[in-house]
Amino acid sequence: SAVISQKPSRDICQRGTSLTIQCQVDSQVTMMFWYRQQPGQSLTLIATANQGSEATYESGFVIDKFPISRPNLTFSTLTVSNMSPEDSSIYLCSVLTVRGYTFGSGTRLTVV
Amino acid sequence: AQSVTQPDIHITVSEGASLELRCNYSYGATPYLFWYVQSPGQGLQLLLKYFSGDTLVQGIKGFEAEFKRSQSSFNLRKPSVHWSDAAEYFCAVLTQGGSEKLVFGKGTKLTVNP
């Protein structure tokens, strides 16, 4: 299955700042996904990012807060903008291949 | 709307004991079902999946799951738990028809006592 490299693995950020998370895949994939996992909670889909088109956001998530780039078939970024403590979560990227869904190891974000 | 329920937030078992983690889903059509495991500080690893066919699915690490349509369940089992199985387990259903996406349950945290 695809191997995903997600960076950074963790960060502590000041409120009001922004953080960009990178997701690099070792093979070309059409569909990439960004999830949020709040403390003690399950994974919630933020958006689906397909190369060559605008990301599709789930209810409760907006592009201004979570802009996504998908410049090619192996890379995507998620930016968490104007952060507040409520944004403290684990953010994971995921890809869909013929073998199914694979997840990155996540970015643990703490906003202080 | 599609949903997944994992009734047990936290389960503790002794090493060597059997394990069953419950998962119930709500989905109108034939579901595609998954079990993932998340170890501390790690991403999600797929244990097994069910698409169709044999309702008893074998996965990695000695896990299996049984799909029961009549009960809308997809429970995960392991006959003998190892200390390394301590982790969080997530059940998920793949929605279809339009936007395809995984919907996750809230997870069950497994603690293994020596």
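Another aspect to go through is the interface of chain A and chain B. Taken together, the contact between chain A and chain B spans 17 residues of the former and 16 residues of the latter. Around 1300 Å² of area is buried between chain A and chain B when both sides are counted, 52% of it from carbon and sulfur atoms. Its largest share of buried area at the contact with chain B, chain A owes to S42(A), Y101(A) and F103(A), together 38% of the area lost on that side. Here K101(B) and E58(A) are joined by a salt bridge, their closest N and O atoms 2.3 Å apart.

A few words now on the pairing of strand 8 (residues 75-80) of chain A. Residues and elements named next belong to chain A. Of all six residues in strand 8, six are buried; the element is thus mostly enclosed. Residue alternation in strand 8 divides its side chains into two sets, F75, T77 and T79 and S76, L78 and V80, and both sets are buried. Here strand 3 (residues 19-25) pairs with strand 8 via six bridges, running antiparallel. Across the sheet, the residue bridging to I21 is L78, located in strand 8. Pairing analysis gives three bridges linking strand 7 (residues 68-72) to strand 8, with the strands arranged antiparallel. Looking at the pairing, I68 lines up with L78 of strand 8. Remark: two residues form the turn of the hairpin made by strand 7 and strand 8, two consecutive strands paired antiparallel.

Let's shift gears to the layout of surface pockets. Empty space within the largest pocket amounts to approximately 490 Å³. Lining of the largest pocket is provided by 26 residues; of these, Q37(A), I90(A), R108(A), Q38(B) and G41(B) occupy positions nearest its centre. Those elements giving two or more residues to the lining of the largest pocket turn out to be strand 9 (89-97) and strand 11 (107-111) of chain A together with strand 10 (87-95) and strand 12 (108-113) of chain B. The leading source of residues in the lining of the largest pocket is strand 11 of chain A, at four residues. Classifying every residue of the lining of the largest pocket by side-chain character gives seven nonpolar, 15 polar and four charged.

Right, let's talk about the sheet that holds strand 3 of chain A for a bit. Remark on secondary structure: sheet strands pair via backbone hydrogen bonds, oriented parallel or antiparallel. Residue and element names in this part refer to chain A. Sheet architecture is open: four strands sit in the order 1-3-8-7, paired in antiparallel fashion. Edge positions in the sheet fall to strand 1 (4-7) and strand 7, since each of these pairs with one other strand and no more. Ignoring which end each strand starts from, the neighbouring axes of this sheet average 15° apart.

In total, this model carries two disulfides over all chains according to the counting rule given. What pairs with C23(B) in a disulfide is C91(B), and their sulfur atoms sit 1.9 Å apart. Looking along the S-S bond of the C23(B)-C91(B) disulfide, the torsion reads about -65°, which is the left-handed sense. Here C23(B) is found in the loop between strand 3 (19-21) and strand 4 (24-26), whereas its partner C91(B) is found in strand 10, with 68 residues between them in sequence. Of the residues examined, C91(B) reaches a relative accessible area of 0% and is grouped as buried. Of all cysteine sulfurs, the one in C93(A) lies closest to C13(A), which takes part in no disulfide; the gap is 17 Å. Residue C13(A) is classed as buried on the basis of its relative accessible area, which comes to 8%.

Now for the confidence of the model for chain B. Per-chain confidence: chain B averages 91 in pLDDT, with 97% of residues scoring 70 or above. For chain B, per-element mean pLDDT is lowest for strand 11 (residues 101-104) of chain B, which scores 88, and highest for strand 3 of chain B, which scores 98.

Parameters and conventions
- Residues numbered from 1 in each chain as written.
- Chains lettered and ligands numbered in written order.
- Predicted model: local features only at pLDDT ≥ 70, side-chain atom pairs only at ≥ 80, totals over all residues.
- Heavy atoms only, no water.
- Contact = heavy atoms within 4.5 Å.
- Buried area = accessible area lost by both parts, 1.4 Å probe.
- Salt bridge = Lys/Arg side-chain N within 4 Å of Asp/Glu carboxyl O.
- Buried < 20%, exposed > 50% of the residue type's maximum accessible area, 1.4 Å probe, protein only.
- Helix = DSSP H or I, 4+ residues; strand = E, 2+ residues; numbered from the N terminus.
- Pairing = 2+ DSSP bridges.
- 1 Å grid on protein atoms, 1.4 Å probe; cavity = no way out; pocket = protein on both sides within 12 Å on 5 of 7 lines; lining within 4 Å.
- Points joined across faces, edges and corners; volume = space filled by probe spheres on them.
- Nonpolar A, V, L, I, M, F, W, Y, C, P; charged D, E, K, R; others polar.
- Axes fitted to C-alpha atoms, helices over the stretch in contact; angles between N-to-C directions.
- Disulfide = S-S within 2.5 Å.
- pLDDT = per-residue confidence, 0-100.

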